[in-house]
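# An overview of the molecular structure
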Amino acid sequence: METPIPTNSLSLGLGEILWDMLPGGRQLGGAPANFAYHAHALGAEARPVTRVGNDQNGRDILTRLEVLGLPTACVQLDDAAPTGTVSVEMLSGGEHRFTIHENVAWDRLEATVESMALASRADVVCFGTLAQRCDQSREAIQTIVREVPRHGLRILDINLRQHYFTRRVVEESLFIANVLKINDEELRVAAEMFGLSGCTTDQLAQLADRYELNLVALTRDGRGSVLYADGRTADVPGAPVAIVDTIGAGDAFTAAMALGWLAGWDLDEINRSANAVASFVCTQSGATPTMPPDLTLPFTSGQ
């Protein structure tokens with residue numbers, strides 16, 4: 001029997017929130033918002049810390065979050081900038097190409113009294129590099145992350161999108177994180193950026209050692225994932241599923257991984273459970289599908 005997640009655990013998704021403008025209609029998106037949703041769906045208290053425009057898209061996001069059961073107290077309202085949107089082109093095999101629009105509300109995120117108070121009692125915060133593309137949001141995000149208690153998980157979902165990252169921002173983020181989630185394409189970029197060498201496991205170990213990370217997670221699309229922690233590796237191959245689209249699957253993986261780690265599960269069990277959650281999301285349309293009971297049960301009742 002695995003230990004269920006602590007009932008009073010608090011997980012924050014810090015950064016962008018937006019509408020993914022899919023060919024079949026818009027879907028709520030943004031990696032931190034997706035993370036918050038999946039943490040909530042798996043049984044944790046979870047909240048997005050983000051910013052939307054004072055426009056119809058922003059009001060619709062607030063309504064959607066309420067429907068999903070996510071509190072909106074730390075969703076800031078911007079009277080000048082519009083709510084974020086992303087144009088999404090679907091490619092073969094369920095993959096997608098993003099066009100992320102600029103000068104939007106989450107570029108103007110602030111470290112408010114409310115967000116700092118929330119961070120001070122958080123067990124998990126997940127943040128990325130995309131929402132740090134502007135000076136104001138970068139300063140706010142790094143300030144909020146630093147407020148998370150030392151025992152908490154500070155997860156950098158590196159999320160390298162288009163041209164919206166620099167070595168400086170990636171390295172600053174690694175220094176304030178204690179967990180890294182990265183995919184195989186991003187690992188190739190990081191290897192070149194930081195001079196990593198050797199096989200995949202060697203590169204994960206180098207990142208963990210250099211930036212004092214407690215856990216490094218590598219996702220490999222349909223080929224499963226690798227977790228590295230304290231010299232130990234857990235490698236889970238991917239299982240074949242009928243892919244509808246892959247949007248949000250990585251965020252679901254991160255949420256499941258974080259909650260499994262928080263509950264003190266074995267590294268292999270964390271990896272298997274996170275893969276199962278991510279695989280299910282791949283079989284659904286959009287980033288925030290309803291999670292079936294058989295996937296949520298291990299996190300709330302043990303196995």
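Residues numbered from 1 in each chain as written. Predicted model: local features only at pLDDT ≥ 70, side-chain atom pairs only at ≥ 80, totals over all residues. Heavy atoms only, no water.

### Looking at the overall build of the protein chain
As a reminder, the rule being used: Put simply, DSSP marks the helices as runs of H or I at least four residues long and the strands as runs of E at least two long, and each gets a number from the N terminus on. Within these notes, the globule rule equals 2.2 Å times the number of residues to the 0.38 power, and the radius of gyration is based on C-alpha atoms. Working definition: with a 1.4 Å probe on protein chains only, accessible area under 20% of the residue-type maximum means buried, over 50% means exposed, and in between means partly exposed. It only takes one pair of heavy atoms within 4.5 Å for two residues to be counted as in contact. Only the protein chains shown count as covering a residue, and every accessible area follows the Shrake-Rupley method with a 1.4 Å probe. Positive residues here are Lys and Arg, negative ones are Asp and Glu, while His and the chain termini are left out of the count. Where a charge lies is defined by one atom per residue type: Lys uses NZ, Arg uses CZ, Asp uses CG and Glu uses CD.
Per the secondary structure count, the protein chain includes ten helices and 13 strands. On C-alpha atoms alone, the protein chain measures out to a radius of gyration of 18 Å, which is about the 19 Å that the 2.2 N^0.38 rule sets for 303 residues. Referenced to the eigenvectors of the C-alpha coordinate spread, the extents of the protein chain come out at roughly 50 × 40 × 40 Å. When each of the 303 residues of the protein chain is scored for burial, the buried share is 58%. Of all intrachain contacts in the protein chain linking residues separated by at least 6 positions in sequence, the fraction that spans at least 24 positions is 71%. Summed over all atoms, the accessible surface of the protein chain reaches about 12,200 Å², with 48% contributed by carbon and sulfur. If the 23 positive side-chain charges of the protein chain are averaged to one point and the 38 negative ones to another, these points end up 2 Å apart.

### Overview of the nonpolar core
Here is the rule we go by: The term nonpolar core refers to a set of buried residues drawn from Ala, Val, Leu, Ile, Met, Phe, Trp, Tyr and Cys, joined through side-chain atoms within 4.5 Å.
Leu12, Leu14, Phe127, Leu174, Leu180, Phe194 and Leu213 are the most contacted members of the largest nonpolar core, which totals 54 residues. In this view, leucine 180 contacts Leu156, Ile158, Leu174, Leu207, Leu213, Leu215, Val216 and Ala217; residues no more than four positions away in its chain are not counted. Grouped together as the second largest cluster of nonpolar side chains are 50 residues, Ile61, Ala252, Leu267 and Leu295 included.

### Examining the pattern of salt bridges
Two side chains with opposite charge may pair up if their charged atoms get near one another. As a reminder of what qualifies: A pairing counts as a salt bridge when a side-chain nitrogen of Lys or Arg comes within 4 Å of a carboxyl oxygen of Asp or Glu.
Applying the stated criterion to the full structure yields 16 salt bridges. The salt bridge partner of aspartate 78 is arginine 108, with a shortest N-O separation of 2.5 Å. Here aspartate 78 is found in strand β5 (residues 75-78), whereas its partner arginine 108 is found in the loop between β7 (96-100) and α3 (113-119), with 30 residues between them in sequence. Between glutamate 171 and arginine 167 there is a salt bridge; the shortest N-O distance is 3.8 Å. With glutamate 171 and arginine 167 both in helix α5 (residues 167-176) and four residues apart, this pair spans about one turn of that helix. The class of arginine 167 is partly exposed, set by a relative accessible area of 40%. In the salt-bridge network here, residues are joined through shared partners; they are Arg51, Asp78, Arg108 and Glu110.

### Here we look at the sheet that holds β5
The following threshold applies: Strand pairing follows a simple DSSP-based rule, namely that at least 2 bridges must link the two strands. Where helices are involved, their axes are fitted lines through C-alpha atoms of the stretch in contact, as for all axes, and angles between N-to-C directions lie from 0 to 180°.
In spatial order, the strands read β5-β4-β1-β8-β9-β10-β11-β12-β13; together these nine strands make up an open sheet with mixed pairing. The outermost strands of the open sheet, each flanked by one partner alone, are β5 and β13 (232-236). This sheet shows a mean twist of 15 degrees between the axes of neighbouring strands, independent of strand direction. Sheet analysis places strand β9 (residues 153-157) next to strand β10 (residues 179-183), joined by three bridges and oriented parallel. Bridge pairing in β10 links aspartate 157 to lysine 181. This element, helix α1 (residues 31-41), spans β1 (10-14), β4 (45-53), β8 (124-127) and β9 of the sheet and lies at about 160 degrees to β1. Sitting on the sheet, helix α7 (residues 200-211) touches β10, β11 (215-219), β12 (225-229) and β13, and the angle it makes with β12 is about 40 degrees.

### A word on unusual backbone geometry
Note: most residues except glycine have negative phi, and most peptide bonds are trans. The phi dihedral of asparagine 103 falls on the positive side, at around 55 degrees, and the residue is not glycine. Tracing the sequence through the fold places asparagine 103 in the loop between β7 and α3. The class for asparagine 103 is exposed, based on a relative accessible area of 61%. Phi is positive for asparagine 159, close to 50 degrees, though the residue is something other than glycine. Tracing the sequence through the fold places asparagine 159 in the loop between β9 and α5.

### Some words on the pairing of β4
Condition: The handedness of a crossover follows from its direction of travel: if, with the strands pointing away from the viewer, the path from the first strand over the helix to the second runs clockwise, the crossover is right-handed.
Counting buried positions over the nine residues of β4 gives seven, a clear majority of the element. Pairing between β4 and β5: four bridges, direction parallel. If you follow glycine 53 over to β5, its bridge partner there is aspartate 78. Remark: the β4/helix α2 (residues 56-68)/β5 crossover connection has right-handed handedness.

### Considering α2
For the record, the criterion: A helix is expected to span 1.5 Å multiplied by its residue count minus one.
Under the 1.5 Å per step criterion, the end-to-end length of α2 is 18 Å for 13 residues, consistent within 8% with the ideal 18 Å. Structurally, α2 contributes buried residues whose contacts are with β2 (18-22), β3 (25-29), α1, β4 and β5. Phi turns positive one or two residues past the end of α2, at glycine 69, with a value near 85 degrees.

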